[in-house]
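Close look at the chain arrangement
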Amino acid sequence: PVPSLIERDTNQLFSFRFTGYVRVPKTGVYTFLAKSDDGAAMWIGTGAEARNVFWSVGQSPKETETWGQVALQAGLHPITLTYFQAYGPMSLELLVEGPG
């Protein structure tokens, strides 16, 4: 199932942590971009091996974009995506672009 912001019991002052895997088809540099209102952060890997890809957590009156790049080998990689909602509209979208 696709993670969603629907499963919540409030419209303000909450956060979500989504965990899963990204399948990387070929070795190269990948760009991850989050569109969110209010904030988002992402890590690849787990534990001490986890690398922060981007971090933008703060209250914003409109949707903002934050992004980061990371070199990855082909295969499955664990990811953690966090989302923070303060007040007003809420949105979260994660996009990825690979080499080529």
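Our structure is the block above this text.
Residues numbered from 1 in each chain as written. Predicted model: local features only at pLDDT ≥ 70, side-chain atom pairs only at ≥ 80, totals over all residues. Heavy atoms only, no water.

This next bit is on the nonpolar core. Within soluble globular proteins, side chains that are nonpolar generally end up buried alongside one another. Counting 18 residues, the largest nonpolar core has Phe-32, Met-42, Ile-44, Val-53, Phe-54, Val-70 and Leu-72 as the members making the most contacts within it. Elements represented by at least two residues in this core include exactly strand E1 (14-24), strand E2 (28-37), strand E3 (39-44), strand E4 (51-56), strand E5 (64-72) and strand E6 (75-85). Residues contacting Leu-72, with those up to four places away along its chain left out, are Val-24, Lys-26, Thr-27, Gly-28, Tyr-30, Phe-32, Ile-44, Arg-51 and His-77. (Core = buried A, V, L, I, M, F, W, Y, C linked by side-chain atoms within 4.5 Å. Buried < 20%, exposed > 50% of the residue type's maximum accessible area, 1.4 Å probe, protein only. Helix = DSSP H or I, 4+ residues; strand = E, 2+ residues; numbered from the N terminus. Contact = heavy atoms within 4.5 Å.)

Now for the side chain of Thr-80. Mapping Thr-80 onto the fold places it in strand E6. Among all residues touching Thr-80, those that are not within four sequence positions of it are Arg-17, Phe-18, Thr-19, Ala-41, Met-42 and Trp-43.

Relative to the helices and strands, Leu-92 is located in strand E7 (residues 91-97). Overall, the relative accessible area of 25% leaves Leu-92 in the partly exposed class. Taking C-alpha positions, Leu-92 is 9.9 Å from Glu-65, a pair spaced 27 residues apart along the chain.

We now examine the packing of aromatic side chains. Tallied over the entire structure, the rule returns 2 aromatic pairs. Ring geometry for Phe-16 versus Phe-18: centroids 5.6 Å apart, planes at 15°, classification stacked. For the ring pair Trp-43 and Trp-55, a centre distance of 5.6 Å and an interplane angle of 75° mean the geometry is edge-to-face. With Trp-43 in strand E3 and Trp-55 in strand E4, the pair connects residues that are 12 residues apart, well separated along the chain. With relative accessibility at 54%, the residue Trp-55 sits in the exposed group. (Phe/Tyr/Trp six-rings, centres within 6.5 Å; stacked < 30°, edge-to-face > 60°.)

Moving on: the sheet that holds E2. Read from one edge to the other, the open sheet built from 3 strands follows the order E5-E2-E7, with strand pairing classed as antiparallel. Every other strand in the sheet has two partners, leaving E5 and E7 as the edge strands with one partner each. Looking at each pair of strands side by side, their axes are set apart by 15° on average, direction ignored. In the sheet, E2 pairs with E5 via 9 bridges, with the strands oriented antiparallel. When the bridges of E5 are listed, Leu-33 appears paired with Trp-67. (Pairing = 2+ DSSP bridges. Axes fitted to C-alpha atoms, helices over the stretch in contact; angles between N-to-C directions.)

Once that is clear, we can look at the sheet that holds E6. To summarise the sheet geometry, strands pair through backbone hydrogen bonds and adopt either a parallel or an antiparallel arrangement. The antiparallel open sheet is built from 4 strands, whose spatial order is E1-E6-E3-E4. At either margin of the open sheet sits one strand with a lone partner, and together these are E1 and E4. Each strand axis lies, on average, 15° off the axis of its neighbour in the sheet, ignoring direction. Both E3 and E6 contribute to a ladder of 6 bridges, which runs antiparallel. Paired with Trp-43 across the bridge in E6 is Thr-80.

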